[in-house]
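# Understanding the architecture of this molecule
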Amino acid sequence: MALAISLHILSACIWIGGMFFAYVCLRPVAAQVLEPPQRLTVWRDVFQVFFKFVFVCIGLLLISGHFMIAQYGGMKGLGIHVHIMLLLGYIMFAIFGHVFFAPFKRLKAAVDAKDWPTGAAQLNTIRKMVGINLLLGLATIIVASAGRFI
């Protein structure tokens, strides 16, 4: 159980922390100091690296989360905060899957083709989806950590 909870929390911290850094720190600076071709190329390359970690984090979250649920005898005996955490997690996984397989795929193709307007549109879509996932991730942290006390 110690390993499962540790992997679960580390995976959530890496994924949500990465989104926070990208959205709150990197995005405004990149928009201010980089021209569109460089900015879009940087984002393509940053996402290429970050998304590999996100896939690992999602796998670890699923495995560790369901392992812990099983250790407690299933969902029936768990508090509503665990049900909410699980629901929010699956919504976040789905949003990430959409980002990875749709606008990110189109962003990579646009940058490779030097189609900067299309790339900018795809990056804007990714920005919105990451913003939603970041808010869901922060809400999940609150529910997971304080849920049993609320």
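Now for a description of the structure that goes with this document. (Residues numbered from 1 in each chain as written. Predicted model: local features only at pLDDT ≥ 70, side-chain atom pairs only at ≥ 80, totals over all residues. Heavy atoms only, no water.)

Inspection of every chain in the model, using the stated rule, returns 2 salt bridges. The salt bridge involving Arg-44 is made with Asp-45; its shortest N-O contact spans 2.9 Å. Under the relative-accessibility criterion, Arg-44 is labelled buried at 17%. Given a relative accessible area of 37%, Asp-45 falls into the partly exposed group. Across the pair Asp-112 and Arg-44 runs a salt bridge whose closest N-O atoms are separated by 2.8 Å. With Asp-112 in helix H4 (residues 103-112) and Arg-44 in helix H2 (residues 36-71), the pair connects residues that are 68 residues apart, well separated along the chain. Residue class for Asp-112 comes out exposed when judged on its relative accessible area of 55%. Three or more residues are tied together by salt bridges with common partners; here these are Arg-44, Asp-45 and Asp-112. (Salt bridge = Lys/Arg side-chain N within 4 Å of Asp/Glu carboxyl O. Buried < 20%, exposed > 50% of the residue type's maximum accessible area, 1.4 Å probe, protein only. Helix = DSSP H or I, 4+ residues; strand = E, 2+ residues; numbered from the N terminus.)

Bringing the environment of Glu-35 into the picture now. Looking at the secondary structure, you find Glu-35 in the loop between helix H1 (2-33) and H2. The exposed category is assigned to Glu-35, whose relative accessible area is 54%. Between the C-alpha atoms of Glu-35 and Ala-144, which are 109 residues apart in sequence, the distance is 40 Å.

This brings us to the packing of H2 against helix H3 (residues 80-101). One can describe the packing of H2 onto H3 by two numbers: an axis separation of 12 Å at closest approach and a directional angle of 155°. Classed by the angle they form, the pair H2 and H3 counts as roughly antiparallel. Considering only the axes of H2 and H3, their crossing is left-handed. Residues Phe-51, Val-54, Phe-55, Ile-58, Leu-61, Leu-62, His-66 and Ile-69 of H2 form the contact with H3, whose own contacting residues are Leu-86, Tyr-90, Phe-93, Phe-96, Val-99, Phe-100 and Phe-101. Split by residue class, the contact of H2 with H3 holds 14 nonpolar, 1 polar and no charged. (Axes fitted to C-alpha atoms, helices over the stretch in contact; angles between N-to-C directions. Parallel < 35°, antiparallel > 145°, perpendicular 65-115°, else oblique. Left-handed = near helix turned anticlockwise from the far one by under 90°. Contact = heavy atoms within 4.5 Å. Nonpolar A, V, L, I, M, F, W, Y, C, P; charged D, E, K, R; others polar.)

Moving on, we get to the nonpolar core. In terms of nonpolar packing, the biggest core is built from 29 residues, with Trp-15, Met-19, Phe-47, Phe-51, Val-54, Leu-107 and Ile-126 touching the most fellow members. Of all the elements in the fold, those that place two or more residues in this core are H1, H2, H3, H4 and helix H5 (116-146). It is H2 that provides the largest number of residues to this core, a total of 9 residues. (Core = buried A, V, L, I, M, F, W, Y, C linked by side-chain atoms within 4.5 Å.)

End to end, H3 covers 32 Å across 22 residues, agreeing with the expected 32 Å (1.5 Å per residue, within 8%). Considered for burial, the residues of H3 that qualify are His-81, Val-82, Leu-88, Gly-89, Met-92, Phe-93, Ile-95, Phe-96, Gly-97 and Val-99. On its buried face, H3 is in contact with H1, H2, H4 and H5. (Expected span 1.5 Å × (residues − 1).)

Summarising the element assignment, Asn-133 is placed in helix H5. You can call Asn-133 buried: its relative accessible area is 3%.

Turning to a nonpolar patch on the surface, a few remarks are in order. Side chains of Leu-10, Ile-14, Val-49 and Phe-53 sit close together on the surface and give an oily, nonpolar patch of about 390 Å² of accessible area. Residue assignment for the nonpolar patch shows that the elements contributing at least two residues are H1 and H2. For Val-49, the position within the fold is in helix H2. Of the residues examined, Val-49 reaches a relative accessible area of 47% and is grouped as partly exposed. (Patch = residues over 30% accessible without salt bridge, like charges linked within 9 Å, V, L, I, M, F, W, Y side chains within 5 Å. Areas by Shrake-Rupley, 256 points an atom, 1.4 Å probe, with all protein chains shown as cover.)

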